[in-house]
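# Remarks on the overall topology
Listed below are the residues making up each chain.
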Number of protein chains: 2
Amino acid sequence: MSVRPTVGVDVGGTFAKLGLVDVRGRVLRSTRIPTEPRRGPADFARRVQARVRGWDFDTIGLGLAGGVDAAAGALLFAPNLPGWAGFSFKRAFRGRVVVENDANAAVWGAYAAALKRRPRTVVGVTLGTGVGGGLIVDGRLHRGRDGTAGEIGHQVVEPGGAPCHCGKRGCLEAYAGSYGLARLARRLMRRPPSPLTPEALAAAAVAGDPGAGRVWREAGERLGAGLAHLVLALNPDAVLILGGVARAGRLILDPVRRAWRAQPFQVPFARLALHAPAEREWGLVGAALLAREARKH
Amino acid sequence: MSVRPTVGVDVGGTFAKLGLVDVRGRVLRSTRIPTEPRRGPADFARRVQARVRGWDFDTIGLGLAGGVDAAAGALLFAPNLPGWAGFSFKRAFRGRVVVENDANAAVWGAYAAALKRRPRTVVGVTLGTGVGGGLIVDGRLHRGRDGTAGEIGHQVVEPGGAPCHCGKRGCLEAYAGSYGLARLARRLMRRPPSPLTPEALAAAAVAGDPGAGRVWREAGERLGAGLAHLVLALNPDAVLILGGVARAGRLILDPVRRAWRAQPFQVPFARLALHAPAEREWGLVGAALLAREARKH
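Computed from a prediction, not measured in an experiment: that's the story for all the values here. (Residues numbered from 1 in each chain as written. Chains lettered and ligands numbered in written order. Predicted model: local features only at pLDDT ≥ 70, side-chain atom pairs only at ≥ 80, totals over all residues.)

Moving on, we come to the overall build of chain A. Scanning chain A from terminus to terminus reveals 10 helices and 12 strands. Taking all 297 residues of chain A together, 53% fall into the buried category. Summarising the internal contacts of chain A: among those between residues at least 6 apart in sequence, 62% fall at separations of at least 24. (Helix = DSSP H or I, 4+ residues; strand = E, 2+ residues; numbered from the N terminus. Buried ≥ 20, exposed ≤ 12 C-beta atoms within 10 Å, placed from the backbone. Contact = placed C-beta atoms within 7 Å.)

Turning next to the domain arrangement of chain A. Residue and element names in this part refer to chain A. Examined at the domain level, chain A breaks down into domain 1 (6-108 + 281-296) and domain 2 (116-275). Relative to domain 2, the C-alpha centre of domain 1 lies at a distance of 26 Å. Taken together, the contact pairs 13 residues of domain 1 with 14 residues of domain 2. Counting residues per element, the ones that place at least two in the side of domain 1 that touches domain 2 are strand S5 (67-69), helix H3 (102-113) and helix H10 (282-296). Here the side of domain 1 that touches domain 2 takes five residues from H3, the largest share from any one element. Grouping the constituent residues of the side of domain 1 that touches domain 2 by class yields nine nonpolar, three polar and one charged. (Domains from an automatic or database assignment. Nonpolar A, V, L, I, M, F, W, Y, C, P; charged D, E, K, R; others polar.)

Superposing chain B onto chain A takes a rotation of 180 degrees combined with a translation of 0.0 Å along the rotation axis, leaving an RMSD of 0.0 Å. The relationship between the two copies is best expressed as a two-fold rotation axis. Interface residue correspondence from chain B to chain A reaches 100%, placing this contact among same-surface, isologous pairings. (Least-squares fit on C-alpha atoms with pLDDT ≥ 70 in both.)

Let us look at the interface of chain B and chain A. Residue-level contacts link 36 residues of chain B with 36 residues of chain A. When residues of the side of chain B that touches chain A are traced back to their parent elements, those giving at least two are strand S9 (131-137), helix H7 (210-234) and helix H9 (267-270) of chain B. Of all the elements, H7 of chain B adds the most residues to the side of chain B that touches chain A, at six residues. For the side of chain B that touches chain A, the class distribution of residues is 18 nonpolar, 11 polar and seven charged.

Attention shifts here to the pairing of strand S6 (residues 74-77) of chain B. Residues and elements named next belong to chain B. Examined bridge by bridge, strand S5 (residues 67-69) and S6 share three bridges and lie antiparallel to one another. By the bridge assignment, Val68 is partnered in S6 with Leu75. Connecting S5 to the antiparallel partner S6 that follows it, the hairpin turn spans four residues, and Gly73 within it adopts a positive phi of roughly 60 degrees. (Pairing = 2+ DSSP bridges.)

On to the pairing of strand S3 (residues 27-34) of chain B, then. Residue and element names in this part refer to chain B. The element S3 is largely exposed, with a buried count of zero among its eight residues. Inspection of the sheet shows strand S2 (residues 15-21) paired to S3 by seven bridges, in the antiparallel sense. Directly across from Ala16, in S3, lies its bridge partner Ile33. Once S2 ends, the chain turns through five residues before running back antiparallel as S3, passing Gly25 with a positive phi of about 90 degrees.

Take the sheet that holds strand S11 (residues 238-242) of chain A next. Residues and elements named next belong to chain A. Taken together, five strands build an open sheet; the order of strands is S10-S9-S8-S11-S12 and the sheet is mixed. Whereas interior strands pair on both sides, the edge strands pair on one side only; in this sheet they are strand S10 (140-142) and strand S12 (273-275). Sheet twist, expressed as the average angle between the axes of neighbouring strands with direction ignored, equals 25 degrees. Judged from the three bridges that link them, S11 and S12 form a sheet pairing that is parallel. Across the sheet, Leu240 pairs through a bridge with His275, a residue of S12. Across the face of the sheet, helix H7 (residues 210-234) comes into contact with strand S8 (122-127) and S11 while running at roughly 160 degrees to S8. (Axes fitted to C-alpha atoms, helices over the stretch in contact; angles between N-to-C directions.)

Moving on to the packing of helix H5 (residues 178-188) of chain A against H7 of chain A. Residues and elements named next belong to chain A. Between H5 and H7, the shortest axis-to-axis distance is 9 Å and the interhelical angle comes to 140 degrees. Here H5 lies oblique to H7, going by the angle between them. The way H5 lies across H7 gives a crossing that is right-handed. Side by side, H5 and H7 meet where Gly180, Leu181, Leu184, Ala185 and Leu188 of the first sit next to Gly211, Arg214, Val215, Glu218 and Ala219 of the second. Of the residues that constitute the contact of H5 with H7, the class distribution is six nonpolar, two polar and two charged. (Parallel < 35°, antiparallel > 145°, perpendicular 65-115°, else oblique. Left-handed = near helix turned anticlockwise from the far one by under 90°.)

Residue and element names in this part refer to chain B. Strand order in this open sheet of five strands is S3-S2-S1-S4-S7, and the pairing throughout is mixed. The open sheet is flanked by S3 and strand S7 (97-101), the only strands paired with a single partner. Each strand axis lies, on average, 20 degrees off the axis of its neighbour in the sheet, ignoring direction. Strand direction decides the pairing type here: strand S1 (residues 6-11) and strand S4 (residues 60-64), joined by four bridges, are parallel. If you follow Val7 over to S4, its bridge partner there is Ile60.

The biggest cluster of nonpolar side chains holds 194 residues, and the ones touching the most others in it are Val9 and Val231 of chain A together with Val9 and Val231 of chain B. Not counting residues up to four positions away in its chain, the partners in contact with Val231 of chain A are Val123, Pro236, Val239, Pro268, Phe269 and Leu272 of chain A. (Core = buried A, V, L, I, M, F, W, Y, C linked by C-beta atoms within 7 Å.)

Here the focus is the environment of Met189 of chain A. Mapped onto the elements of the fold, Met189 of chain A is located in the loop between H5 and helix H6 (198-206). Setting aside residues up to four positions removed in sequence, Met189 of chain A forms contacts with Asp209, Gly211, Ala212 and Val215 of chain A.

Turning our attention to H10 of chain A. Taking 1.5 Å as the rise per residue, H10 of chain A with 15 residues should run 21 Å; its terminal C-alpha atoms sit 21 Å apart, in good agreement. Taken residue by residue, H10 of chain A has Trp282, Gly283, Leu284, Val285, Gly286, Ala287, Ala288, Leu289, Leu290, Ala291 and Arg292 of chain A as its buried positions. (Expected span 1.5 Å × (residues − 1).)

As a further point, take helix H6 (residues 198-206) of chain B. Residues and elements named next belong to chain B. Among the residues of H6, those classed as buried are Pro198, Leu201, Ala202, Ala204 and Ala205. Buried residues of H6 fall within an arc of 160 degrees about the axis and therefore sit on the same side. For H6, the secondary structure elements touched by its buried residues are helix H5 (178-188), H7 and helix H8 (250-261). The positive-phi residue at the C-terminal boundary of H6 is Gly208, with phi of around 100 degrees. (Arc of directions from axis to C-beta.)

Okay, here's the thing in structure tokens:
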């Protein structure tokens, strides 16, 4: 097995972050390029290769929003990257690439670098604009048949509840994603902050605004309820909370823990660890580390 | 690896079913003994051993309601078998035993014998008085940290909804378990059948009773919604529905499929198989086959 660094790329809708990552998940150098989705995947692949020319690396991991066909090194579907599905990154990078779902990559990055792969089974959730996730089962990333496993933000925690971007109502994302938080704030706060960001909502709650406190309690309770379903199903060793919204810390984690303590069947919750590691470029780190994993096989 | 048969024991609250099971999951002979939980686990182990004396078998698999410590061959907790937790079946059977959760055993039995282990990842649900389940991930039974994985009947599909035996409200079990069905029937049928069994409710629906039809539609929709959460999380190849309530066939399976078709994100549902194999002693078969698995390692 090579101990040379690998490159991780976290491909967002606007920018792609590139990093050279060592075997322990440390970022040795990093840069970014505009994604420019409309210029297409072949153009994007060329620009990534041009940017990392001269870096000493073994292989590249790409984290992309969508379902992935890991064997083919392609996206099966990509709602935010029209026209990118089906393109063979494997061919474009001459086999030196591994394609991963971006939420899976972020969860793997934090699992490997922050938790040192110690827990066997982990439910990971990413709290950003949307709510995504990833599952580690018995020390391995679980991708599922179509590479879509870990889609935990669209479980319905309140039938007929808040409208979700997916078209359903009452999804976890509609409460715990940043647009769900903003919606709660408009309903529960007398004077919602402007701009209505998770950071501003956290600051307002810390400053004692009772409406802001209620926003975080409701979001945290919904998140706790949704995660409880996965804890009952998977009986994991740990739950891992990532993403910008997780920076609210205890504001969101305390109600999660309260929701878990209220569960009548306590066995799978009793020894469950809850981790919210400090924000880092987990998507980039995870894409790089998963590329390393794939080279081992 | 031995190809001798193994013994499977499905330990219910009243009776324990014992069977001699071959490598393909066929039951070569079977019998049953009263469980008599109050006589304790040592007495039970002696009676099982006495009953299988003379059978030509390699090892015994016990399927028990509760959390299991597979390595210690003991129950971690057993709400329906007071005093049985902590008892070492491994010692009592001189190492020739494997202890499994009963719902996990049933799901494994149907997975191995009916699905021939073809799908890689399977969500299994057991619809009886209660609603339980088991998860197969990448061809292996996923037990989780405390052996409680697969507890899918207590996800809340309707906050504040129907009372559940667990103490919560709105659990999937409170709609799709047999007592949940009975409750729906008392609410939706003018003249509920007596006794109020799933069989009688299925007969009434087939005979054209509109209330009975609504009972199955509501139960099936709730089941479909709960299973959808697991399909989104795990992106499995198949869903496996077992247990007495599943004998209602299309009455419950059609609304499940309808609920899935209504999901906006269709990718994990598009190629998903839904299996409801004919009722057999899956618990006994699975306990025997898992005992065989364990001997391989």
